[in-house]
Amino acid sequence: MVERFAAEKLETFSVELLVKSGVGQAAAEQTAHVLVEADLDGTGTHGIMRLGTYLAAIERGQLNPSAQPTIEQTGAATAKVDGNNGLGTATAIAAMNEALRLAQEAGVGMVTANHSNHYGAAAYYVQMATNEGLIGISTTNSHPAIPPWGGRQAYLGTNPIAFGFPTAGDPVLVDLSLSVVARGKVIQAARTGQPIPLGWAIDKDGHATTDPKAALAGAMLPLGGAKGAALALAIEILSGVMSGAGSGPYVTSILENATEPANIGHWFVAIDPTRFIARPFYLTQLTRLLEELKANPLAQDVAQIRIPGERRAQLRRENMAAGVALPDDTIKLLNEWAAKLACPTLT
């Protein structure tokens, strides 16, 4: 069973829980917005279901709720951000805002962030760029979840990467993790007791499994085999090594009962396309490209060709009208936190 809630109600509810946990008002509002935006876009694995995870990390002292990110500009178009072990959402927003500022001044802005935590859906941050008419790139590393190619033990994170391109309408949004599917889908399956398809993951002994709990104890499989594992390594370097954050097994999970800071790293780029091509020509060329792409002859049993981000935009319009659908188990968990923190429950 699912129940639908208005986005504004979910944001207000989330802010109250976060503030009661010691998070500052601004960071609480940012975090609530990032999570609910993911739900509106149909990415429930990175939506409000993650709120309980953040609250638990705060409760056990793994994450500092009152931390403020600090920014240091290191060049005409570069900067670095220290999240000071605060919420990853607040750290990432500060870093991408700095990348946008640099891009508006220098044409391109590149910013790393360290001492951070899980930052939600990577697409959120590239949409910050497209809202300003800029191209955005966002990457993050994460705790070990996929093995190196040929291995059986988790070593690299699922390490998502997102690109955002402004258009005359909805932006082109590419957002993908480098495991076959996002680990959040396996977490969701484990919570609901549903099996996962073969090919998603292996157990701790390296055997293919359909048991989500065995998969979480084992490893996710890389997207595209050796190619996905290679890309995951590249993002580990950009997000972890280059930022001075943890990398590989030195990134801690906030999904488990750890107390050591996660020290996740992020990498953001913002690009002003008008430094390379006039905006009218950019928009005309991109519009033609997308129209011709969608007009390509369809493969058998395919109803239409979708542009990356098109389905997300459609789901957003539907969910804004009908409300965000939350399963019973997520509502139950969130209401348990509300009761613990003496906040109003979701009703």
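Predicted model only: the values in this text are computed from it and were never measured. (Residues numbered from 1 in each chain as written. Predicted model: local features only at pLDDT ≥ 70, side-chain atom pairs only at ≥ 80, totals over all residues. Heavy atoms only, no water.)

Undergrad: Which parts of the structure should I look at to understand the pattern of salt bridges?
TA: One side chain can pair with another of opposite charge once the charged atoms of both are near each other. A full pass over the atoms with the stated rule returns 13 salt bridges. Of the charged contacts, one joins Arg316 and Asp41 as a salt bridge, the two residues approaching to 2.9 Å between their closest N and O atoms. Note that Arg316 is positioned in helix α10 (residues 310–322) and Asp41 in the loop between α2 (25–40) and α3 (51–59), a separation of 275 residues in sequence. Judged by its relative accessible area of 7%, Asp41 is buried. Close ionic contact of Lys204 with Asp205 constitutes a salt bridge, the shortest N to O distance being 3.7 Å. Put simply, Glu37, Asp41, Asp175, Arg312 and Arg316 are held in one network by salt bridges that share partners. (Salt bridge = Lys/Arg side-chain N within 4 Å of Asp/Glu carboxyl O. Helix = DSSP H or I, 4+ residues; strand = E, 2+ residues; numbered from the N terminus. Buried < 20%, exposed > 50% of the residue type's maximum accessible area, 1.4 Å probe, protein only.)

Undergrad: Teacher, can you tell me more about the sheet that holds strand β10 (residues 264–271) here?
TA: Hydrogen bonds between backbone atoms are what pair the strands of a sheet, whose relative direction is either parallel or antiparallel. Spatially, the seven strands line up as an open sheet ordered β2-β3-β4-β10-β5-β6-β7, and their pairing is mixed. If you trace the sheet from one side to the other, it starts and ends with β2 (70–73) and β7 (172–176), each paired once. Ignoring strand direction, the axes of neighbouring strands in this sheet form an average angle of 10°. Where β2 meets strand β3 (residues 78–82), four bridges bridge the pair, whose relative direction is antiparallel. Counted as the bridge partner of Gln73 is Ala79 from β3. Sitting on the sheet, helix α4 (residues 88–106) is in contact with β2, β3, β4 (108–116), β5 (135–140) and β10, with an inclination near 160° to β4. (Pairing = 2+ DSSP bridges. Axes fitted to C-alpha atoms, helices over the stretch in contact; angles between N-to-C directions. Contact = heavy atoms within 4.5 Å.)

Undergrad: Would you mind going over the environment of Glu256 with me for this structure?
TA: Note that Glu256 resides in the loop between α8 (226–241) and β10. When near neighbours in sequence (up to four residues on either side) are disregarded, Glu256 contacts Arg60 and Gln62.

Undergrad: Which parts of the structure should I look at to understand the packing of helix α1 (residues 7–20) against α2?
TA: The relative placement of two packed helices is expressed as an angle between their axes plus a distance between the axes. Two elements in contact, α1 and α2, have axes whose closest approach is 8 Å; the angle formed by their N-to-C orientations is 140°. Compared by their axis directions, α1 and α2 come out oblique. Judged by the twist between their axes, the crossing of α1 over α2 is right-handed. Facing Ala7, Leu10, Glu11, Ser14, Val15, Leu18 and Val19 of α1, the residues of α2 in contact are Gln25, Ala28, Glu29, Thr31, Ala32, His33, Val36 and Leu40. When its residues are assigned to classes, the contact of α1 with α2 shows nine nonpolar, four polar and two charged. (Parallel < 35°, antiparallel > 145°, perpendicular 65-115°, else oblique. Left-handed = near helix turned anticlockwise from the far one by under 90°. Nonpolar A, V, L, I, M, F, W, Y, C, P; charged D, E, K, R; others polar.)

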